[in-house]
Every structure is written in C-alpha cells, then in structure tokens.
Amino acid sequence: MMKQHQEQQHPQAGKDRAIVNSLFQESPDSPSEYNLAELARLRIRYQGFPGARDIQGDLDKILQGWGMTEEELFERTREIHAKGRVYRTRTEQEDWI
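**Q** Which parts of the structure should I look at to understand the pattern of salt bridges?
**A** Pairs can form between side chains of opposite charge once their charged atoms are near each other. Overall, the coordinates contain nine salt bridges when judged by the stated rule. Two residues, Asp54 and Arg17, come together in a salt bridge whose shortest N-O distance is 3.2 Å. Of the two residues, Asp54 is situated in helix 3 (residues 53-65) and Arg17 in helix 1 (residues 13-24); the sequence distance between them amounts to 37 residues. For Asp54, a relative accessible area of 48% gives the class partly exposed. In this structure, the salt-bridge partner of Glu70 is Arg43, at a minimum N-O distance of 2.9 Å. On the criterion of sequence distance, the pair formed by Glu70 in helix 4 (residues 70-83) and Arg43 in helix 2 (residues 33-46) is long-range, its members being 27 residues apart. Salt bridges here are not isolated pairs; linked through shared partners, they connect Arg17, Asp54, Asp58 and Lys61.

**Q** Whenever I open this one, the packing of helix 2 against helix 4 confuses me. Can you help?
**A** One can describe the packing of helix 2 onto helix 4 by two numbers: an axis separation of 9 Å at closest approach and a directional angle of 120 degrees. Considered as vectors, helix 2 and helix 4 are oriented oblique to each other. Where helix 2 crosses over helix 4, the two elements pack in a sense that is left-handed. For the pair helix 2 and helix 4, contact is made by Glu33, Leu36, Ala37, Leu39, Ala40, Arg43 and Ile44 and by Glu70, Leu73, Phe74, Arg76, Thr77, Ile80, His81 and Lys83, respectively. Per-class residue counts for the contact of helix 2 with helix 4 are eight nonpolar, two polar and five charged.

**Q** What exactly am I supposed to notice about unusual backbone geometry here?
**A** Note on backbone geometry: most residues besides glycine have negative phi, and most peptide bonds are trans. In this structure, Ala52 is a non-glycine residue whose phi angle is positive, near 50 degrees. With respect to the helices and strands, Ala52 occurs in the loop between helix 2 and helix 3. Residue Ala52 is classed as buried on the basis of its relative accessible area of 12%.

**Q** What should I look at first to understand the packing of aromatic side chains in this one?
**A** In this description, a pair of aromatic rings is defined by centroid distance and the angle of the planes. Considering all chains together, one arrives at one aromatic pair under this definition. Aromatic pair Tyr46 and Phe49: ring centres 6.1 Å apart, planes at 90 degrees, arrangement edge-to-face.

About the cut-offs
- Starting from 1, residues in each chain are numbered consecutively following that chain's sequence as written.
- Local features are withheld for residues below a pLDDT of 70 in this predicted model, meaning they are given only at 70 or higher, and side-chain atom pairs are given and counted only at 80 or more; totals for whole chains, interfaces and linings count all residues.
- Side-chain metrics rest on all non-hydrogen atoms present in the structure, leaving aside hydrogens and water.
- By definition here, a salt bridge exists when the distance from a side-chain nitrogen of Lys or Arg to a carboxyl oxygen of Asp or Glu is within 4 Å.
- Put simply, DSSP H or I for four residues or longer makes a helix, DSSP E for two residues or longer makes a strand, and each gets a number counted from the N terminus.
- Categorising residues by exposure relies on relative accessible area from a 1.4 Å probe, with only protein chains included: less than 20% of the type maximum marks a residue as buried, more than 50% marks it as exposed, and the intermediate range marks it as partly exposed.
- To define axes, lines are fitted to C-alpha atoms, for helices over the stretch in contact only, and angles between the resulting N-to-C directions are given on a 0 to 180 degree scale.
- Throughout, the term roughly parallel applies to angles under 35 degrees, roughly antiparallel to angles over 145, roughly perpendicular to angles from 65 to 115, and oblique to all others.
- Helix crossings are classified by the rotation of the near helix relative to the far one: an anticlockwise turn of less than a right angle makes the crossing left-handed, while a clockwise turn makes it right-handed.
- Any two residues whose heavy atoms approach within 4.5 Å are treated as being in contact.
- Gly falls in the polar group here, along with every residue not listed as nonpolar (Ala, Val, Leu, Ile, Met, Phe, Trp, Tyr, Cys, Pro) or charged (Asp, Glu, Lys, Arg).
- For Phe, Tyr and Trp, where Trp contributes only its six-membered ring, two rings pair if their centres lie within 6.5 Å, and the inter-plane angle classes them as stacked under 30 degrees, edge-to-face over 60, or tilted in between.

Here it is, written out as structure tokens:
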C-alpha cells in the first residue's frame, strides 16, 4: 500500500509569502531587475518542492501577468546577474535553497 504524498511546509514559506505579495504589486509592463531576480530565485527554490502549492501557483500567476515564460525569465535574470550583483545591499549569503 502506497503512502499518500505528504504536503510539506517550506521553512522559508513565511518570508517568501511576503516577497510574493510584493511581486503582485510590481508593474507588469516593466518589472524591476531586482523583482525579476526575486521571481527567478523563488521559482528555483520551489521547483519540484512537495508543498507550498499556493506560493507555486502565485509564482505562475505573476510570471503570466508579466507576460513571460520561465525560459524568458531565466534568460533575463542571467543577463542581470552577469552585469553585477543584484543583491548589493545584502551582506549575508544568498539563500537560494
């Protein structure tokens, strides 16, 4: 008998929810480089995560609202990161996972 897949709570979900909510406030016509990087970072963090379906769904909605595919988002953010550190004010290590 197979066990049901247990939905997991991501340890960063509370902090990430605030970021997702702020991304909904961004202008869909011209999102800032910082917010593009944040969306890409969260897409990577939650990719394949067995839970946080609300956050994953909202990330999909934001991406669609900005008129981008995930591939386009990652292409833009690679260019942003190539130009220099997008998280200039942060001194601690970036938390990708």
